[in-house]
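Read off the chains here:
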Amino acid sequence: MLRLRIRGTPESGRSTPSAQISSSRVGSSSKNNAIKLGSALKRASAWVSKRLRRAPAHPTPTNDHNVVANLPVELLHVIFLLLADPGFTSNSVFEAIQGRPNWISITYVCQRWRVVALDCQTLWSTITPSLSPKWMSVLFERSSHAPARVSLRVGPSNPAPRKRRLLGKRRRRVTNSSTLSDEALGTMFSGTSHARNLHTLQLSGNTRDMVRALGVFKKPAPLVSLCFETWDGYDYDFDEGWEDIAWFAPSFDLPEDFLGGSAPKLRHLHCSSSLHINFPSWMTGSISELTLSKHVRPDRLFTTLRQMPQLEKLELSSTDRYSYPIAPPALPVNLDNLKLFVLENSCLELASALLSCLVLPPSARRHFKLDLGSYTYEDDVWERLTTVLQATSSGISHPPHGARFRREPGLVAMDVWSKSSSGHGPPPWPPQDEQFSLQVRSEDNSCLYCLHTTYSESNFHRLQELCSAIGGSTVEELFAEYGIGENSTRRPAIPYRCWNTLFSELRNVKTLHFGDGAAELLIGASGGALSSLTEKLCDFPNLQKVTVDKGSFSTRTLWNWIHLVHVPPAGMELSEVRELVLTLLSEMHWKPTEIDFAEDVTGSLLKFLLYWKSRGVVVYDVSLVRADWDEPEGVELLQMLLHMLDPDWDATIFDVN
């Protein structure tokens, strides 16, 4: 028995939705009751529609006058791509939703933003490890034919089962989408729809797991870049360090059917940590860019380089030292097509082994950055490095042109570079168009405060010898500067005996640049103070130009010297006046080496110019870059003083702002 009642108030004697309706059993045989029920439902629907039509109409809100919602499509694309950039979202207010893109909320702002975001294929072309397999498939589909950049974190094939919670309330299960299993990879990449636009593939995990996961990618793909980030150190237990892991860890063969056994567009290969993967010959034959970071086993590196005849760019960054000797291979490694070789943060042993075995074309660019830290190398290591660097720099079409020394408390830095079209001065890292550059940083406490030390373990002296060996006959510009440590109250100058080492070898220097600490450096480069007049420096015959950067100059000091020269002591010749001025300038600069940020460079520059003038080296070009004069017309006063000291001295002073 089914009984339905609809209670209401009758209206004008008619049956309305509020009338009482009663029916007995509804079945196939009770046609009359079914008809009555249908009629009652129709009247109820008509009554509801009538009441809705009488309700006041509310306007639907629109974004016609919303400036943000109506931004140009191109500008919205730029904003969306900026929000999707991992470097932007990692430190922003956006919080990652489990398994979803961090930026997915932009598609919920309004309908137009969603349409524009769905139409931007590049926005959906970046796959990150934080995405779930479902969202990875969604991004692949929405990226259409845009080149896809896929970053995956792979794990073991049989992960340990999760422990079941026995006590307490059951919590909602949260899926960890950071590590993908082989089953999830197989589901996504078994077909050709997701592999057709695969441009960059980056895998992170243990080498064993990555090689097994690569077996899933069996379909051909236009892959251009392949990156590996290994965690092999977590699977081995060695007390000696990472270099032992790199030496004893086993290697694994990449499947031959990877990408269908053919990758004609593959050009870039990046491997962090050691080379624990043996690549097939069809894959390495087309590689043009190889990037290696962290610790690299030398013998595997040499073997891999021999398999890459088309290599054009080689970047190697290794931060660890080796506890075993590195012997170069018996046969050289010919890289006839190499255009760029970058070696960064490597130890001297690996640098010497690489440079001694690699055969590069003369036009190849070579950039080396060595951070020695506090480690002191033996003499034989320095000798091998000096020999190979000298051979490397001499075999290029543009030999070294400039050199720079920078001293700080407990630190010494040296830069050597070849001439480029970008301008003068030490090039930034990484260099631009220089063919050769060398940067060496080392902790060193020798020759700090105008005291020359002679012990053999001074890296400062070794860097001087290295600079002389590399660019002794070609360097034409020499830069010198010093920095101030965080807690230091003294400045580390370069003693004049150290300048003597440089001057005796760098015979072709034409321009001297003095940066921070120019007042003290100019004194050291002109024979020091007091006793320097009895112990002369080596000849510096080709010096033509001197540049002082960010120095403070005093016109009052110039007027004092002008008065002395204009009214000299009785009976003094002009040559004797010059000698008197030089002696007085030397005595004035014998002072404590407390730091003075506004020290006067006027007297130091005069002493430098007069000292080398007495040695027969005439500087005709003096450039004062960003000079700080206390009064205007200081340049004219300096030029007038030099002419009074020697009428034949036609020096030109430039004030460069």
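Right above here is the structure, for reference.
The present account deals with the structure reproduced in this document. (Residues numbered from 1 in each chain as written. Predicted model: local features only at pLDDT ≥ 70, side-chain atom pairs only at ≥ 80, totals over all residues. Heavy atoms only, no water.)

## With respect to unusual backbone geometry
The phi torsion at K550 lies on the positive side, around 55°, for a residue other than glycine. Here K550 is to be found in the loop between β19 (545-549) and β20 (552-553). Even without glycine at this site, R626 takes up a positive phi of about 50°. (Helix = DSSP H or I, 4+ residues; strand = E, 2+ residues; numbered from the N terminus.)

## A closer look at the packing of helix α16 (residues 555-566) against helix α19 (residues 634-645)
Where α16 contacts α19, the two axes come as close as 10 Å, and the packing angle between them is 25°. Judged on the interaxial angle alone, α19 and α16 are roughly parallel. With respect to the hand of their crossing, α16 and α19 are arranged in left-handed fashion. Each of T555, L558, W559, W561, I562, V565 and H566 in α16 lies in contact with α19, whose residues at this interface are G634, L637, L638, M640, L641, M644 and L645. For the contact of α16 with α19, the residue count by class is 11 nonpolar, three polar and no charged. (Axes fitted to C-alpha atoms, helices over the stretch in contact; angles between N-to-C directions. Parallel < 35°, antiparallel > 145°, perpendicular 65-115°, else oblique. Left-handed = near helix turned anticlockwise from the far one by under 90°. Contact = heavy atoms within 4.5 Å. Nonpolar A, V, L, I, M, F, W, Y, C, P; charged D, E, K, R; others polar.)

## Describing the packing of aromatic side chains
A complete count under the given rule lists 10 aromatic pairs for this structure. Taken together, a centroid distance of 6.1 Å and an interplanar angle of 70° make the contact between F368 and F436 edge-to-face. Note that F368 is positioned in strand β13 (residues 365-373) and F436 in strand β16 (residues 436-443), a separation of 68 residues in sequence. Of the aromatic side chains, those joined through ring pairs into one cluster are F514, F608, Y611 and W612. Directly above the ring of W124 sits R142, whose terminal nitrogen or CZ lies 4.7 Å from the centroid. (Phe/Tyr/Trp six-rings, centres within 6.5 Å; stacked < 30°, edge-to-face > 60°. Lys NZ or Arg CZ within 6 Å of the ring centre and 35° of its normal.)

## Describing the pairing of strand β18 (residues 511-514)
Along β18, one buried face is formed by T511 and H513 and the opposite face, lined by L512 and F514, is buried too. Pairing of strand β17 (residues 477-482) with β18, which is carried by four bridges, proceeds in the parallel orientation. Across the sheet, A480 pairs through a bridge with F514, a residue of β18. Direction of pairing for β18 relative to β19: parallel, over a ladder of four bridges. Bridge assignment links F514 to a residue of β19, and that residue is V548. (Buried < 20%, exposed > 50% of the residue type's maximum accessible area, 1.4 Å probe, protein only. Pairing = 2+ DSSP bridges.)

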